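This is what each chain is made of:
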Amino acid sequence: MQKMPEPYRIKMVESIQLIPRAERERKLAEAHYNVFALRAEDVFIDLLTDSGTGAMSDAQWAAIMTGDESYAGSRSYYRLEDACRETFGHQYFAPTHQGRGAENVLFPLLIKPGQVVLGNMHFDTTKAHIELKGGEAVNCIVPEAFDTANCSPFKGNMDIACLERSIEENGVEKVAFVLLTITCNSAGGQPVSMANIKAVREVADRYHLPLFFDAARFAENAYFIKKREPGYENRSIPQIVREMFAYVDGFTMSAKKDGLVNIGGLIGIKDDEVLYSKVRANVVPIEGFPTYGGLAGRDLEALARGLREVVEEPYLESRIGQVAYLGEKMLAAGIPIQQPVGGHAVFVDAGKFLSHLHNNEFPGQALTIELYREAGVRGVEVGSFLLGRDPRTGEQLVSPLELLRLTIPRRTYTFNHMDFVADALIRIYQRRHEVRGVKVVEESQVLRHFTAKLALL
Ligand code: F0G
């Protein structure tokens, strides 16, 4: 079938440049082989994250000019509230400066010290905020998530037996709430099925536990339900989104992904007025007055518009199709990746790609470095380097997967960029045995991957 072009045309451009190989080599050494320490201007194609890195539409930029910067009761807030109610079907909303701001406001209201939060697979900042509130983050994802060659359609699903067992083992009073991350970022942008959302709801109801979404990539999840789950092929994306959110009591969301904005977050509460009044009280000292929550009025306008654009099917088809295109090109060349390709990124199985490297030689990081050296492309390691050490023993932990994440910003790059990235990785694959491992030479105690210094082995 003929490949459809991007469903937009370009009205404004931003120059990027590929610096010469010798200079890339020098920049890597200066950054101590940690790509977080590179200057963005030294990166040609930046696939570090899809968070806040997308392009806004002309309609969003136009909406920005209409932002109402009033401290309290801004018109822009009410526009965002309308867009949220229509999109999610919940009653109450609080904007925050980004996703972790939403976690920071909501989680202390739900977690008592010593309690656990059961999820499919918690994102790092989410886990950190659970722990900062004295809780423990427990993952119960289906086991096929860890088999990159398994092509199951919903590898982000919660393992229901594991969920029930965890509730029984901990005792229900020790469980704060259940959290489903849609799509499941840490498992490779893998979706959660509607059937699984319903099954989790049933378990939560049986034990009288609240159920929340981490909704950063909710529209991408809805698109996968439409394409892969029998019975949903003729439902519209907005209908599927409304159904998904009907099963949860509320959500936190980083709007920097499926909000199609560069900054922003949200807390949504379905109908619990008491919880919402606590959120309002908590948001003031942390994020700001409840009608702006750490954002400018113009940011609220851009988000209100972004929520409407993200559920448009031609957009989602192009977005998910672009990520799939990159993944399929690699698969055709024999490169091992997490299958099926996820919503926001291609996760290269660096453990298999660089099978001559041991976990403690950090194959994901070694491949990240090699890709920048080869083509000026910045990806990010998701593996043992990110996982870090056991806080009790100081031992390096071993990640079940050693991955290189190539995260695609929304509406930012074209098919030509995807070809360039795939070709670079294919060249590396052909000489993969030459790629050397790395060791950590300097690190901080928490979230070390952002600032650690490394050396080549
Ligand atoms: N939840 C999920 C599933 C995320 O992917 C992120 C961020 C957050 C919460 C936190 O949101 O950054 O707005 O504070 N993920 C980015 C990433 C950083 O690169 O995957 P935030």
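A. Focus on the packing of aromatic side chains. With the rule as written, the count across this model stands at 20 aromatic pairs. On the numbers, 6.0 Å between centres and 85 degrees between planes, the contact of Phe 218 with Phe 245 is edge-to-face. Of this pair, Phe 218 sits in helix α8 (residues 218-228) while Phe 245 sits in helix α9 (residues 237-246), placing them 27 residues apart in sequence. Taken together, a centroid distance of 4.9 Å and an interplanar angle of 65 degrees make the contact between Phe 353 and Tyr 429 edge-to-face. A residue pair is termed long-range when its members are at least 10 positions apart, and Phe 353 in helix α13 (residues 350-353) and Tyr 429 in helix α16 (residues 415-430) qualify at 76 residues. Owing to a relative accessible area of 16%, Tyr 429 belongs among the buried residues under this scheme. Connected via pairs of aromatic rings, a cluster forms that spans Phe 88, Phe 93, Phe 213, Phe 218, Phe 245 and Phe 251. The cationic tip of Arg 432 hangs over the ring face of Tyr 429; the distance from NZ or CZ to the ring centre is 4.0 Å.

B. Structural view of the environment of Pro 191. Structurally, Pro 191 can be placed in the loop between β5 (175-181) and α7 (194-206). Note on Pro 191: relative accessible area 0%, which makes it buried. Once the C-alpha coordinates of Pro 191 and Leu 331 are considered, the two residues, 140 residues apart in sequence, prove to be 20 Å apart. Pro 191 has contacts with Pro 153, Phe 154, Lys 155, Gly 156, Asn 157, Thr 183, Asn 221, Phe 224 and Arg 228, leaving out every residue within four places of it along the chain.

C. Up close: the pattern of salt bridges. In this structure the tally under the stated criterion is 37 salt bridges. Close ionic contact of Arg 410 with Asp 258 constitutes a salt bridge, the shortest N to O distance being 3.2 Å. Note that Arg 410 is positioned in the loop between β12 (403-407) and α16 and Asp 258 in the loop between β7 (250-254) and β8 (265-269), a separation of 152 residues in sequence. A single burial state applies to Arg 410 and to Asp 258, both of which are buried.

D. Representation of the site of the ligand within the structure. Neighbouring residues of the ligand: 17 residues in total, closest Thr 49, Arg 100, Asp 214, Ser 254 and Lys 257. Within the side chain of Gln 98, one N or O atom sits 2.8 Å away from an oxygen atom of the ligand. Between the ligand and the protein, one listed contact pairs an oxygen atom with a side-chain N or O atom of Arg 217 at 3.0 Å. Look at the ligand: alone it shows 470 Å² of surface, and the protein chains cover 93% of it.

E. Examining the sheet that holds β5 more closely. Taken together, seven strands build an open sheet; the order of strands is β2-β8-β7-β6-β5-β3-β4 and the sheet is mixed. Two strands in the sheet have a free side with no partner beyond their single neighbour: β2 (92-96) and β4 (136-139). Ignoring strand direction, the axes of neighbouring strands in this sheet form an average angle of 20 degrees. Relative to strand β6 (residues 211-214), β5 runs parallel, the two being bridged by four bridges. Bridged to Val 178 within β6 is Leu 211. Helix-sheet contacts for helix α6 (residues 160-170) involve β3 (116-119), β4 and β5, and the interaxial angle to β3 is about 170 degrees.

F. Here's a closer look at the domain arrangement of the protein chain. Taken domain by domain, the protein chain consists of domain 1 (21-50 + 313-456) and domain 2 (58-309). Computed from C-alpha coordinates alone, the two centres of domain 1 and domain 2 are separated by 27 Å. With 27 residues of domain 1 at the contact, the number on the domain 2 side is 31 residues. The three residues of domain 1 that bury the most area against domain 2 are Leu 316, Gln 338 and Pro 340, which together make up 22% of that side's buried surface. Taken together, domain 1 and domain 2 are joined by 17 residue pairs in polar contact (both at pLDDT 80 or more). Those elements giving two or more residues to the side of domain 1 that touches domain 2 turn out to be α12 (313-332), β9 (345-349) and β12. Tallying contributions element by element places α12 first for the side of domain 1 that touches domain 2, with six residues. Looking at the side of domain 1 that touches domain 2 residue by residue, the classes come out as 12 nonpolar, six polar and nine charged.

Here is what the cut-offs are and how they apply
Residues numbered from 1 in each chain as written. Predicted model: local features only at pLDDT ≥ 70, side-chain atom pairs only at ≥ 80, totals over all residues. Heavy atoms only, no water. Phe/Tyr/Trp six-rings, centres within 6.5 Å; stacked < 30°, edge-to-face > 60°. Helix = DSSP H or I, 4+ residues; strand = E, 2+ residues; numbered from the N terminus. Buried < 20%, exposed > 50% of the residue type's maximum accessible area, 1.4 Å probe, protein only. Lys NZ or Arg CZ within 6 Å of the ring centre and 35° of its normal. Contact = heavy atoms within 4.5 Å. Salt bridge = Lys/Arg side-chain N within 4 Å of Asp/Glu carboxyl O. Near = heavy atom within 4 Å. Polar contact = N/O pair within 3.5 Å; in protein donor to acceptor, adjacent residues only side chain to side chain. Areas by Shrake-Rupley, 256 points an atom, 1.4 Å probe, with all protein chains shown as cover. Pairing = 2+ DSSP bridges. Axes fitted to C-alpha atoms, helices over the stretch in contact; angles between N-to-C directions. Domains from an automatic or database assignment. Buried area = accessible area lost by both parts, 1.4 Å probe. Nonpolar A, V, L, I, M, F, W, Y, C, P; charged D, E, K, R; others polar.

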